[in-house]
2 protein chains.
Amino acid sequence: MTTPIRIAETGPRRLRGFIAAMTRLVEEAGEDEARILEQGRHLLADLVAVDDWLPEAYAQPHPVHYRQYLLHCDPLERFSLVSFVWGPGQRTPIHDHTVWGLIGVLRGAEEAELFTPDGLPHPAGRERLEAGMVDAVSPRIGDIHRVSNAYDDRVSISIHVYGANIGAVSRHVFDAASGAPKGFVSGYANDSLPNCWQG
Amino acid sequence: MTTPIRIAETGPRRLRGFIAAMTRLVEEAGEDEARILEQGRHLLADLVAVDDWLPEAYAQPHPVHYRQYLLHCDPLERFSLVSFVWGPGQRTPIHDHTVWGLIGVLRGAEEAELFTPDGLPHPAGRERLEAGMVDAVSPRIGDIHRVSNAYDDRVSISIHVYGANIGAVSRHVFDAASGAPKGFVSGYANDSLPNCWQG
Ligand SMILES: [Fe+3]
Ligand SMILES: [Fe+3]
Ligand SMILES: [Mg+2]
């Protein structure tokens, strides 16, 4: 039996509390992905429970496409924390992750369409995540999806945690018509990270 | 006998290599300060050996006083990495650290005047550090100094590593005439950290 880890910090220090707690979790859990997803889900739920900590610079949409801002990378690249900012109606291509991921909605809502390892529509279909909700992906439990802002008229923001420095991972996008995969490395939109370590 | 740890990365990725290696060192060394200072000295020497990795935003002097930019804080606050930027002729007050520290000069040169725990001039006197050199402080080996840009006509930059989130540590400045201590918390000049995690 495990005691869910909780974030002790509140307000602007919530991010710092998440980073510390998630670091302890990956140190303790090692390769135990099921434990990371189970306990990490609680941590991410705490992080997105209140929308009072994300600096404005990491909440800016792009007029044409969704944006992916790195908020923190574990120094040993065991996990990364990313802010996804969806302009009205924006969506990702069909893509995989190759590592575990946790998805928490901070603002607005998002819709995910699920696909099989062949890049074809998955029988499980479609999921909608509202603000405060958390979902998980991984090659073990289902890794391929296309994610959209659930709104056509406003910005949505989701906060993701991945089991690697996700912006540097070689993974795939899939052609929507044929399911054909193509390699991609996402990178990040930002050259600066939030400094959440002020006294 | 210990094998000195070296940074494998070069160029703009040098910072990332330092952060990873220093993280491994504090994880392995725990409370063994002597080991951290000995091996950390090699890591910091590698980091300041070539001046090709510090982003411009963290190299900007202030017209009136020296500046302290956080470059990285260990998620568990076991160490922090700071860029000190000295305008021409600028210097710190007499101050302590309360934790171990490593000081490496990246650009220019700095002079340190040493003081006793009473805030009085130390018989060991004065040290000058040129670019590429590394020095150490700690309550165990001598913790109180006043540091100056060795140049009156140009910027110097030194890169410091401390055994805590130094900007949040309660420590002391000492009156130059009387040696009387006064509490201070330094904070940091910057709200953003360099993102050294791009693919
Ligand atoms: Fe995804
Ligand atoms: Fe100092
Ligand atoms: Mg010395």
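Quick summary incoming for the structure in this document. (Residues numbered from 1 in each chain as written. Chains lettered and ligands numbered in written order. Predicted model: local features only at pLDDT ≥ 70, side-chain atom pairs only at ≥ 80, totals over all residues. Heavy atoms only, no water.)

1. Examining the sheet that holds strand β4 (residues 101–107) of chain A
All names here are of chain A.
Stage number 1. Across the sheet, five strands lie side by side as β1-β2-β9-β4-β7; this open sheet has antiparallel pairing. A single partner strand is all that each edge strand has here, and the edge strands are β1 (67–73) and β7 (134–137). Each adjacent strand pair in this sheet contributes to an overall mean axis angle of 25°, direction not counted.
Stage number 2. Relative to strand β9 (residues 156–162), β4 is paired through six bridges, and the arrangement is antiparallel. The partner of G104 across the bridge, within β9, is I159. (Pairing = 2+ DSSP bridges. Helix = DSSP H or I, 4+ residues; strand = E, 2+ residues; numbered from the N terminus. Axes fitted to C-alpha atoms, helices over the stretch in contact; angles between N-to-C directions.)

2. Section: the interface of chain B and chain A
Stage number 1. With 28 residues of chain B at the contact, the number on the chain A side is 28 residues.
Stage number 2. Roughly 2200 Å² is buried in total at the junction of chain B and chain A, and carbon and sulfur atoms are behind 55% of that figure.
Stage number 3. Counting the contacts that link chain B with chain A gives four salt bridges.
Stage number 4. Between E77 of chain B and R16 of chain A there is a salt bridge, with the nearest N and O atoms lying 3.4 Å from each other.
Stage number 5. For the pair chain B and chain A, the number of links is 13 residue pairs in polar contact (both at pLDDT 80 or more).
Stage number 6. Elements represented by at least two residues in the side of chain B that touches chain A include exactly α1 (14–29), β1 (67–73) and β12 (192–194) of chain B.
Stage number 7. At six residues, the largest contribution of residues to the side of chain B that touches chain A is made by α1 of chain B.
Stage number 8. Summarising the sheet, strand β12 (residues 192–194) of chain A and β12 of chain B pair through three bridges and their orientation is antiparallel. (Contact = heavy atoms within 4.5 Å. Buried area = accessible area lost by both parts, 1.4 Å probe. Salt bridge = Lys/Arg side-chain N within 4 Å of Asp/Glu carboxyl O. Polar contact = N/O pair within 3.5 Å; in protein donor to acceptor, adjacent residues only side chain to side chain.)

3. Here we look at the coordination of the iron ion (ligand 2)
Octahedral six-donor coordination of a metal ideally yields angles of 90 or 180 degrees, compared with 109.5 degrees for tetrahedral four-donor coordination.
All names here are of chain B.
Stage number 1. Taken together, H95 (NE2), H97 (NE2) and H145 (NE2) make up the protein donors of the iron ion (ligand 2), found 2.1 Å from the metal.
Stage number 2. Along the chain, the residues donating to the iron ion (ligand 2) fall in the pattern H-x1-H-x47-H. You can see H95 sitting in strand β3 (residues 94–95) and its partner H145 sitting in strand β8 (residues 144–149), a full 50 residues away along the chain.
Stage number 3. Of the residues examined, H95 reaches a relative accessible area of 8% and is grouped as buried. (Donors = N, O, S within 2.8 Å, 3.2 Å for Na, K, Ca; no water. Buried < 20%, exposed > 50% of the residue type's maximum accessible area, 1.4 Å probe, protein only.)

4. Some points on the nonpolar core
Considering soluble globular proteins, one finds that nonpolar side chains tend to be buried as a cluster.
Stage number 1. Counting 100 residues, the largest nonpolar core has M22 and I159 of chain A together with M22 and I159 of chain B as its most contacted members.
Stage number 2. Non-local contacts of M22 of chain A, meaning those with residues more than four positions away in its chain, are made with I36, G40, L43, F79, W100 and V161 of chain A. (Core = buried A, V, L, I, M, F, W, Y, C linked by side-chain atoms within 4.5 Å.)

5. With respect to helix α1 (residues 14–29) of chain A
All names here are of chain A.
Stage number 1. Between its first and last C-alpha atoms α1 spans 22 Å; for 16 residues at 1.5 Å apiece the expected length is 22 Å, and the two agree.
Stage number 2. The element α1 is largely enclosed, with a buried count of 13 among its 16 residues.
Stage number 3. The first or second residue beyond α1 is G30, which carries a positive phi of 55°. (Expected span 1.5 Å × (residues − 1).)

6. Notes on unusual backbone geometry
Stage number 1. Even without being a glycine, E77 of chain A presents a positive backbone phi close to 60°.
Stage number 2. Relative to the elements of secondary structure, E77 of chain A occurs in the loop between β1 and β2 (80–86).

7. Description of the packing of α1 of chain B against helix α2 (residues 33–49) of chain B
Residue and element names in this part refer to chain B.
Stage number 1. Taken N-terminus to C-terminus, the directions of α1 and α2 make an angle of 175°; their axes are 10 Å apart at the nearest point. Overall, the two elements α1 and α2 adopt an arrangement that is roughly antiparallel. Residue-level inspection shows R14, L15, F18, A21, M22, L25, V26, E28 and A29 of α1 in contact with α2, the latter providing R35, I36, Q39, G40, L43, L44, D46 and L47.
Stage number 2. Considering only residue class, the contact of α1 with α2 consists of eleven nonpolar, two polar and four charged. (Parallel < 35°, antiparallel > 145°, perpendicular 65-115°, else oblique. Nonpolar A, V, L, I, M, F, W, Y, C, P; charged D, E, K, R; others polar.)

8. With respect to the relation of the copies chain B and chain A
Stage number 1. The transform that puts chain B on chain A rotates by 180° and translates by 0.0 Å along the axis, for an RMSD of 0.0 Å. Such a combination of turn and shift is consistent with a two-fold rotation axis. No C-alpha of chain B approaches the rotation axis more nearly than that of L193 of chain B, which lies at 2.4 Å.
Stage number 2. Both copies present the same face, since 100% of the interface residues in chain B are matched by interface residues at the equivalent positions in chain A. (Least-squares fit on C-alpha atoms with pLDDT ≥ 70 in both.)

9. Details of the sheet that holds β1 of chain B
All names here are of chain B.
Stage number 1. Pairing is antiparallel across the open sheet formed by five strands, whose spatial order is β1-β2-β9-β4-β7. Only two strands of the sheet have a single neighbouring strand rather than two, namely β1 and β7 (134–137). The average angle at which neighbouring strand axes cross in this sheet is 25°, direction not considered.

10. Observations regarding the state of the cysteines
By definition, a disulfide links two cysteine residues through a covalent bond between their sulfur atoms.
Stage number 1. On inspection of all chains with the given rule, the structure shows zero disulfides over all chains.
Stage number 2. C73 of chain A takes part in no disulfide bond, and the closest cysteine sulfur, belonging to C196 of chain B, lies 7.9 Å away.
Stage number 3. For C196 of chain B, a relative accessible area of 12% puts it in the buried group. (Disulfide = S-S within 2.5 Å.)

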